[in-house]
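A look at the structure
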Amino acid sequence: MRLVVLALSAFVATASAAESDWRTSWDGTLYGYANSTSLRDDSVLNPGNRVAGLAQHSEVAELRLNLKAENESVRLTARPIISTREQRNAYGTQQRNEAYLSRWQVQVRTGEGWNVAAGRDVLNWGPAQFRSPSSPFYFDNGRSDPMRELVGMDTLKLSLTPDMQSSVSLARIVRSGHGAAQPDVWRDSWLAKLDRRGDEWAYGLVAVKAPNLPAFYGAHGQITVSDALMLYGELGSSAQAVALQSSADAAQPFVAQAPGPRRSTALVGASHAFEDGTSLAAEYLHEGHGYTAAQESAYFQRAVAAPDIALGLAPRLLGRDYLHLVWQSNLMDERGYWRLMFTRNLSDGGNEIAAYGETVLGSEISAFALAVLPQGDARQEFSALLQRSVTLGLKIALP
Amino acid sequence: MNKIFCVLILGLLGLGNSAFAAPDAHSILKDSDQARGGGLAGIVWEIRLASRDGGRVDEPQRILVKAVDDSSVAETLEPARFKGSKLLQVERNMWLTRPGLSKPIPISPRQRMSGQASNGDIAATNYAGDYDAQLKGTETLDGEACYVLDLAAKHKRTTYDRIRYWISVKRVVGLKAEFYSVSGKLLKTARFEYANTIEHDGKRIPFISKMVIRDALVDAETTMEFGTVKVKKIAASEFDLGQMQ
C-alpha cells in the first residue's frame, strides 16, 4: 500500500507540475449534541447494563472538516474528524477524545476514462434506506448510531468510465478504516463493481472476495416510473464471518458457526414524491441471516442463561422479515428537514418509531433533534435494550 | 425557345421558393441552444440563485454546474451549511450526495430545487434534442424581431411538457419562454439575457448571463445569474456516482 501511495504521490507531483491550476477549498461543520437513553430494567440481553455497558447520557462536541485540492487531472480530498465525548451510566463516567480521517482520497485521471484512486472510501451504494443488502461492508448504513457517520475502507481502486452510461471498478481493500472491529474480515479483500445507467433506470452488480469468507455477490437497481414514483431493490448473497445458530427448540444450546452458511437478503421498495416535495417510501426486507419467529423466541430464552453470547454474536438483524416506512420532507429544501420512520419486525411483531428534525436558526446555524421510540417487550428485537433515546443538538457551518 | 424560357422562369421561381422558404424551426432552436450550453462538448458555470415567494425571500445560493448534454452535476458552494452537496442528473436519474452521507440518495424528478428553478433550468439546455419545434410566426419583443416557436416534449424526461419560445432573429438567442403543463396551463414565464461570451468553433458567441423565472400561478420569482463560464470537455467520470467523493 505504501508503495502504491508513493507511486501515486510521484504521479501527483508530475501532474501538478504540468497542471499548475490548483483549486483549493475547505469547509466544515461543528456539532454539539447531547443524548439521553432510557435503558430497559428487565433486559434479557443486557441485564443491569452489565453486558453492553451502554451510555445513558452523553455529550459530544465534534468538528467535521472537508479539505479539497484539485486540478484537471488530480483530486485530493480529506475529511478529518475531531471529537470529544463524555458518556455516563450507572457505573461511572468515560471521556473519549478522537481525531481521525473518516475519508480521504488521492484520485488521478490517468487516461481517457481511466482513474486510479487510493484512500479511505465509503463503499456503500444502492437506493435502499433501511438497510443496504448489496454492500457487504455497510449493511446497516450506520443506523446503529445515526449521529456517527460511516468511516471508509482503506482502498486502492482502478475505475474505467468510458461513457455516461457505464463504469467498472476493481478495488483492493487493504483493511477496514478507523475504529474497525478486530479481527478485520475485510483485510486484503478484492472488490469488482459494474454500474449501468439508462434513460430512467440504473443498476449495479457487485462481487467481493475476502480471504476467509466465501464470495459476496450483490445487485441494486432503480426505475423512475414517473416524476413522482420510483421503484427499487437490492440483493445480497453472503456468508457471515460468524453465525449464531438458534434452533427453534429452546432446549438446544447456541451453536456458533464460522463462517456461517450462505444466505440471501433482498429488499424491494417504492418511493412516491408528493406535489409539495415530501416523499413516502415503503421498503420490505427479507433477511436470510435472521431468525424465524420460533428461532428468535428460542434465542431470547437461551439469552437468559448466556446474554453475553447472545448479544456478542447476534446476527445483524434478529428477524427474517421487516417493513420500513419513511415519510420525509424535500431533501432539496434549504429551510429545514424532517423525517419520520416506522419499522416493524414482522418476525417478532415489534415496532420502532423514529423521528429526525432539523431547522435553520441562522445562515450558518441549525438545531436538530432525533428521537427513537421502540415499542415492545424485552424479548422483541427493537425493544430488547432501550425504552427510548433522545438526542438534541446544534450544528454550525464553517467558515 | 419559348419552352426553354418557360423552363428557366419556372426553375428560377423554384430557386426563389427555396431561398425565401420559412426558416427551419429545428435549426433555429439548435443554434439558440448553444447560447444556453446545448450542443457543446461540455460546459462549466457558476450560478447565483435568488428566490422570492410572496414576501418571503429565500437565502441566496451559489452553485457550480458541470454539464454535458443531458447530464449535469450541480455542487452547492453557498450557503455554507450546504457546501459540498451535489445533485447529479444523468438522463432522468437524479441523486443527491452530501459530505458525510452514508450513500447517495436517489431523488425523484418532482423533488426540484427550491424556488422556481427546476433541475433542468440549471443544466445545459438541449431543447433541440428534447422538443419538437414548430415555427408559429414572428413577433417584436422589446423592439427586437423574434421567431416564435412552439415546442412539444419528445420524451418524459423533459422538465416541461410544452414551451412557447421567443428567439431573436438577429442574435439567434432565446429571449423569452412560457412553460406550460400537459393540460395547457401556463406554469412559468422566463426572460433571458446574454451578457457573457464564449468561444466555440473559433467564433465568439453570446452566452446566457441572467434568467428570471416568474411563477404564473403565485407571486414568486427566481433570478439566476450565470458567471465564470468555461467551455471544456468534461470526463464521464465526473458523472459517476462511485467517484464523487
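Preceding block: the structure.
Our subject in this report is the structure included herewith. Keep in mind the model is a prediction, meaning the values are calculated, not measured.

Some details on the overall build of chain A
Across its full length, chain A holds three helices and 20 strands. For chain A, the C-alpha radius of gyration of 22 Å lies close to 21 Å, the compact-globule estimate for 399 residues. Seen along its three principal axes, the alpha-carbon backbone of chain A occupies a region of about 70 × 50 × 45 Å. A burial count over chain A gives 49% of its 399 residues as buried. A separation of at least 24 residues holds for 56% of the contacts in chain A among residues at least 6 apart in sequence. Per element, the accessible surface of chain A, about 17700 Å² overall, is 59% carbon and sulfur. One finds the centroid of the 36 positive side-chain charges in chain A at a distance of 6 Å from the centroid of its 41 negative side-chain charges.

A few points about the overall build of chain B
Along the backbone of chain B there are four helices and 16 strands. The buried share among the 245 residues of chain B stands at 52%. Taking the contacts inside chain B whose residues are at least 6 apart along the sequence as the reference set, 47% of them involve residues at least 24 apart.

What about a nonpolar patch on the surface?
All names here are of chain A. There is a patch of nonpolar side chains on the surface, built from Trp 201, Tyr 203, Leu 205, Ile 223, Val 225 and Leu 231 and spanning about 500 Å² of accessible area. Broken down by element, the residue count for the nonpolar patch peaks at three residues, all from strand E9 (residues 201-209). One can find Val 225 in the loop between strand E10 (216-224) and strand E11 (229-238).

Some thoughts on the nonpolar core
In this structure, Trp45(B), Ile163(B) and Tyr165(B) are the most contacted members of the largest nonpolar core, which totals 59 residues. At five residues, strand E9 (residues 144-153) of chain B tops the list of elements feeding residues into this core. Val122(A), Leu191(A), Val208(A) and Ala210(A) belong to the second-largest nonpolar core, a separate cluster that totals 16 residues.

Focus: the packing of aromatic side chains
All names here are of chain A. By the definition in use, this model includes 19 aromatic pairs over all chains. Relative to Tyr 138, the ring of Phe 137 has its centre 6.5 Å away and its plane inclined at 65 degrees; by these criteria the two rings are edge-to-face. Like Tyr 138, Phe 137 is buried. Relative to Phe 300, the ring of Tyr 299 lies with its centre 5.2 Å away and its plane at 80 degrees, an arrangement referred to as edge-to-face. We note that Tyr 299, like Phe 300, is buried. Grouped by ring-pair contacts, the aromatic residues Tyr 31, Tyr 33, Tyr 337, Tyr 356 and Phe 368 constitute a single cluster.

Notes on the environment of Asp321(A)
With respect to the helices and strands, Asp321(A) occurs in strand E16 (residues 321-328). Note: C-alpha distance between Asp321(A) and Asn115(A) (206 residues apart in sequence) is 40 Å.

Considerations on the pattern of salt bridges
Scanning the entire structure with this criterion turns up 42 salt bridges over all chains. As a salt-bridge pair, Glu149(A) and Arg64(A) come within 3.6 Å of each other at their nearest N and O atoms. One end of the pair, Glu149(A), is in the loop between strand E5 (114-121) and strand E6 (153-163); the other, Arg64(A), is in strand E2 (residues 57-70), with 85 residues separating them in the sequence. Measuring nitrogen to oxygen at the nearest pair gives 3.4 Å for the salt bridge that ties Glu75(B) to Lys68(A). Separated into two different chains, Glu75(B) in strand E4 (residues 71-78) and Lys68(A) in strand E2 make up a pair that spans both. Look at Glu75(B) and you get buried, because its relative accessible area is 14%. In this structure Lys68(A) comes out as buried when scored by relative accessible area, which is 18%.

Brief notes about the interface of chain A and chain B
On the side of chain B, 51 residues touch chain A, which itself brings 68 residues to the contact. When chain A packs against chain B, the two sides together hide about 4900 Å² of surface, and 44% of this comes from carbon and sulfur. Of all residues in chain A, Met164(A), Met332(A) and Glu334(A) give up the largest surface area on contact with chain B, accounting jointly for 15% of the area buried on that side. Summed over the shared surface of chain A and chain B, the result is eight salt bridges. Two residues, Lys103(B) and Glu234(A), come together in a salt bridge whose shortest N-O distance is 3.1 Å. Broken down by element, the residue count for the side of chain A that touches chain B peaks at five residues, all from strand E4 (residues 92-111) of chain A.

Topic: the side chain of Lys66(B)
Checked against the element boundaries, Lys66(B) lands in strand E3 (residues 61-68). Apart from residues lying up to four places away in sequence, Lys66(B) is in contact with Ile43(B), Val44(B), Ser71(B), Ser72(B), Val73(B), Ile234(B), Glu238(B) and Phe239(B).

Details of the pairing of strand E1 (residues 23-39) of chain A
Pairing geometry for E1(A) and E2(A), over 14 bridges, is antiparallel. From the neighbouring strand, Leu30(A) faces E2(A), where its bridge partner is Leu63(A).

Some remarks on helix H2 (residues 293-303) of chain A
Of all the residues in H2(A), the buried ones are Glu296(A), Ala298(A), Tyr299(A), Phe300(A), Arg302(A) and Ala303(A). The inward-facing, buried residues of H2(A) abut strand E12 (243-245), helix H3 (307-312) and strand E17 (336-345) of chain A.

A few points about the side chain of Arg92(B)
One can find Arg92(B) in the loop between strand E5 (86-90) and strand E6 (93-97). On the basis of relative accessibility, which here comes to 5%, the residue Arg92(B) falls in the buried class. Polar contacts involving the side chain of Arg92(B) include one to the side chain of Glu200(A), which spans 3.5 Å. Within the structure, the side chain of Arg92(B) is placed 2.6 Å from the side chain of Asp227(A), a separation counted as a polar contact.

Some details on the environment of Trp338(A)
Residues and elements named next belong to chain A. Tracing the backbone through its elements, the reader meets Trp 338 in strand E17. For Trp 338, a relative accessible area of 30% gives the class partly exposed. Along the sequence, Trp 338 and Gln 328 sit 10 residues apart, while their C-alpha atoms lie 5.7 Å from each other. For Trp 338, the residues in contact, after removing those within four places along its chain, are Thr 278, Trp 327, Gln 328, Ser 329, Tyr 356 and Gly 357.

Comments concerning unusual backbone geometry
Along the chain, Ala258(A) connects to Pro259(A) via a cis peptide bond; the corresponding omega equals -10 degrees. Its place among the elements puts Pro259(A) in the loop between strand E13 (255-257) and strand E14 (263-273). Going from Leu398(A) to Pro399(A), the amide bond is cis rather than trans, its omega being 0 degrees. Mapping Pro399(A) onto the fold places it in the segment after strand E20 (386-398). Positive phi, close to 35 degrees, is recorded for Thr228(B), a residue that is not glycine. Looking at the element boundaries, Thr228(B) is found in strand E16 (residues 220-231).

A closer look at the pairing of E4(B)
Residues and elements named next belong to chain B. Summarising burial for E4: seven of the eight residues are buried, a large majority. Pairing between E3 and E4: seven bridges, direction antiparallel. Residue pairing in the sheet places Ile 63 in a bridge with Thr 76 of E4. Taken together, the four bridges between E4 and E5 define a ladder with antiparallel strand orientation. Opposite Ala 74, over in E5, you have Leu 87 as the bridge partner.

Conventions and cut-offs
- One numbering rule holds for all chains: residues counted from 1, following each sequence as written.
- Note on labels: chains are lettered from A, ligands numbered from 1, in written order.
- Whole-chain, interface and lining totals are the exception, using all residues; otherwise, since this is a predicted model, local features are given only for residues with pLDDT of at least 70 and side-chain atom pairs are given and counted only at 80 or more.
- Think of the side-chain values as coming from all heavy atoms in the structure, minus any hydrogens and water.
- In DSSP terms, a helix is any run of H or I states spanning at least four residues, a strand is any run of E spanning at least two, and both are numbered starting from the N terminus.
- Both definitions apply: the radius of gyration is a C-alpha atom measure, and the globule rule equals 2.2 Å times residues to the power 0.38.
- Any residue under 20% of the maximum accessible area for its type is buried, any over 50% is exposed, and the rest in between are partly exposed; the area is computed with a 1.4 Å probe on protein chains only.
- Contacts: residue pairs with any heavy atoms within 4.5 Å of one another.
- Computed by Shrake-Rupley with a 1.4 Å probe, the accessible areas treat only the displayed protein chains as cover when residues are assessed.
- Charge assignment: positive for Lys and Arg, negative for Asp and Glu; neither His nor the chain ends contribute.
- We put the charge of a Lys on NZ, of an Arg on CZ, of an Asp on CG and of a Glu on CD.
- For patches, a residue must show more than 30% relative accessible area and have no salt bridge; joins then use 9 Å for like charges and 5 Å for nonpolar side chains, namely Val, Leu, Ile, Met, Phe, Trp and Tyr.
- Only one rule defines a salt bridge in this text: a Lys or Arg side-chain nitrogen within 4 Å of an Asp or Glu carboxyl oxygen.
- Think of a nonpolar core as a cluster: buried Ala, Val, Leu, Ile, Met, Phe, Trp, Tyr and Cys residues, connected wherever their side-chain atoms sit within 4.5 Å.
- Aromatic pairs are defined between Phe, Tyr and Trp rings, using the six-membered ring for Trp, whenever the two ring centres lie within 6.5 Å; interplanar angles under 30 degrees are classed as stacked, those over 60 as edge-to-face, and all others as tilted.
- Put simply, buried area is the surface a 1.4 Å probe can reach on two separate parts but cannot reach once they are joined, added for both.
- Two strands are said to pair when DSSP picks up at least two bridges between them.
- Polar contacts, as used here, are pairs of N or O atoms within 3.5 Å; protein pairs need one atom able to donate a hydrogen and one able to accept it. Residues neighboring in sequence count only if both atoms are side-chain atoms.

Structural measurements only, silent on function.
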